[in-house]
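# Tertiary structure, described
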Amino acid sequence: MGDMLMTGPAVRAVAYGARSVTMLCGPRGQAAAELLPGVDRVLVWDCPWIANPAPDATWAMVAELLQLLDPAPARAVILTSFHQSSLPTALVLRLAGVRHIAAISEDYPGTLLDVRVRPDVDVPGLIPEPERNLAVVRAAGFELPDDDDGKLAVRLPARTEIVPGTTPEGTVPGGYIVVHPGADAPARTWPASHYAECVRQLVDAGHEVFVTGGAEEAELCSFVSGGGLARNLAGTTDVAGLVHIIAGASVLITGNTGPAHLAAALQTPVVCLFSPVTAAESWAPYGVALELLGDQSATCAMTRARECPVPGHPCLSSVTPGDVVDAVYRLAAATGRTLAETAVAAAAGRRTGAIT
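So, a few notes on the structure that sits alongside this text. (Residues numbered from 1 in each chain as written. Predicted model: local features only at pLDDT ≥ 70, side-chain atom pairs only at ≥ 80, totals over all residues. Heavy atoms only, no water.)

### Considerations on unusual backbone geometry
Cis geometry marks the peptide bond from Asn52 to Pro53; its omega dihedral reads 0°. Note that Pro53 resides in the loop between β2 (41-44) and α4 (59-68). Going from Asp70 to Pro71, the amide bond is cis rather than trans, its omega being 5°. Looking at where Pro71 falls in the secondary structure, it is placed in the loop between α4 and β3 (75-78). Although it is not a glycine, Arg304 adopts a positive phi angle of roughly 60°. Inspection of the secondary structure assignment puts Arg304 in the loop between β11 (290-293) and α12 (314-317). (Helix = DSSP H or I, 4+ residues; strand = E, 2+ residues; numbered from the N terminus.)

### Looking at the sheet that holds strand β4 (residues 100-104)
The three strands lie next to each other as β3-β4-β5, forming an open sheet whose pairing is parallel. Pairing within the sheet leaves two strands with one partner each, and these edge strands are β3 and β5 (115-117). The sheet shows a mean angle of 5° between the axes of neighbouring strands, taken without regard to direction. Packing of helix α6 (residues 129-139) onto the sheet brings it into contact with β3, β4 and β5, and relative to β4 it is tilted by some 150°. (Pairing = 2+ DSSP bridges. Axes fitted to C-alpha atoms, helices over the stretch in contact; angles between N-to-C directions. Contact = heavy atoms within 4.5 Å.)

### Some thoughts on the pattern of salt bridges
Here the structure, examined in full by the defined rule, presents 11 salt bridges. In this structure, Asp184 engages Arg28 in a salt bridge whose closest nitrogen and oxygen atoms are separated by 3.0 Å. Of this pair, Asp184 sits in the loop between β6 (177-180) and α7 (192-204) while Arg28 sits in the loop between β1 (22-25) and α3 (30-33), and the two are 156 residues apart along the sequence. Since its relative accessible area comes to 40%, Asp184 is described here as partly exposed. Between Glu197 and Arg200 there is a salt bridge, with the nearest N and O atoms lying 2.6 Å from each other. Here Arg200 and Glu197 lie together in helix α7, a separation of three residues that amounts to about one turn. Looking at Glu197, the relative accessible area reads 25%, which means it is partly exposed. Members of the salt-bridge network, linked through shared partners, are Arg28, Asp184 and Arg306. (Salt bridge = Lys/Arg side-chain N within 4 Å of Asp/Glu carboxyl O. Buried < 20%, exposed > 50% of the residue type's maximum accessible area, 1.4 Å probe, protein only.)

Below, the structure is given as structure tokens:
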């Protein structure tokens with residue numbers, strides 16, 4: 001989700017200069033691709049050199065992609081993360097008959113690329129990922145329109161289901177805080193006990209808290225929500241529902257994961273517990289009010305580790321629940337967001353600490 005959302009400004013630039021835009025992506029990026037302004041069609045293919053875990057690379061897999069790309073588009077722009085090679089994709093696109101291909105490539109591309117953008121030569125190494133993607137499409141001749149601010153954006157989808165606790169019309173009342181504790185890699189996660197204590201402090205202060213996650217994160221989210229202190233929405237909603245939940249929030253608390261970038265696209269302020277295994281300069285939520293927490297100089301920095309290589313996970317475990325609560329208040333004050341109080345807290349007459 002995060003990788004896909006960070007292509008958004010580049011996609012809009014291509015859409016501004018093209019008759020139509022087809023997005024080719026893996027199954028994990030499909031839902032986010034369908035939210036991007038400028039995308040007319042989404043093709044889904046599980047790529048053996050990108051996906052993790054990856055499917056076997058077979059002639060049948062290549063044939064499937066060639067069939068998807070028939071008739072071949074006239075032009076293609078390949079957008080990759082810094083650790084991915086564009087050349088295998090370029091080879092298959094050439095075999096499909098694509099006449100003009102642009103991409104970043106550190107390696108000599110031969111005849112596979114018509115426009116080669118060289119990392120650290122044509123584009124700096126540590127810049128925000130949306131700007132890196134924009135550099136590729138600009139090299140291919142595409143520019144954003146003058147009235148486009150270059151930030152992340154999504155099309156607000158229709159609600160496909162009503163999330164528990166929403167109004168009959170399906171809109172979640174605003175002013176609440178969303179906590180999303182899960183992440184794709186353990187090295188990017190704040191300790192679950194820290195999340196749970198943070199939720200307890202926020203609820204004790206009278207704030208409405210929603211905990212979100214997939215069905216596979218139900219146990220984690222149940223623990224973090226304190227057995228009912230916060231509203232546990234794990235597994236109860238799809239991506240469209242998550243969009244509406246985050247859009248209505250005052251603040252999102254999460255790690256370096258897809259919902260952080262979804263919040264950026266929705267301009268919902270983010271408290272981001274960011275592990276330095278990847279560079280915050282490139283991968284922090286882009287163009288949104290942000291509190292970035294975590295020791296960015298820790299010894300795990302830039303290792304790209306999925307499992308933390310340092311005992312105790314100090315880069316994130318050193319951030320206390322109180323640090324996060326303070327960051328929530330700073331963001332609410334700086335952005336003018338209201339933090340809603342829970343009905344229980346209001347009835348008990350507790351001091352809510354709500355910021356208007």
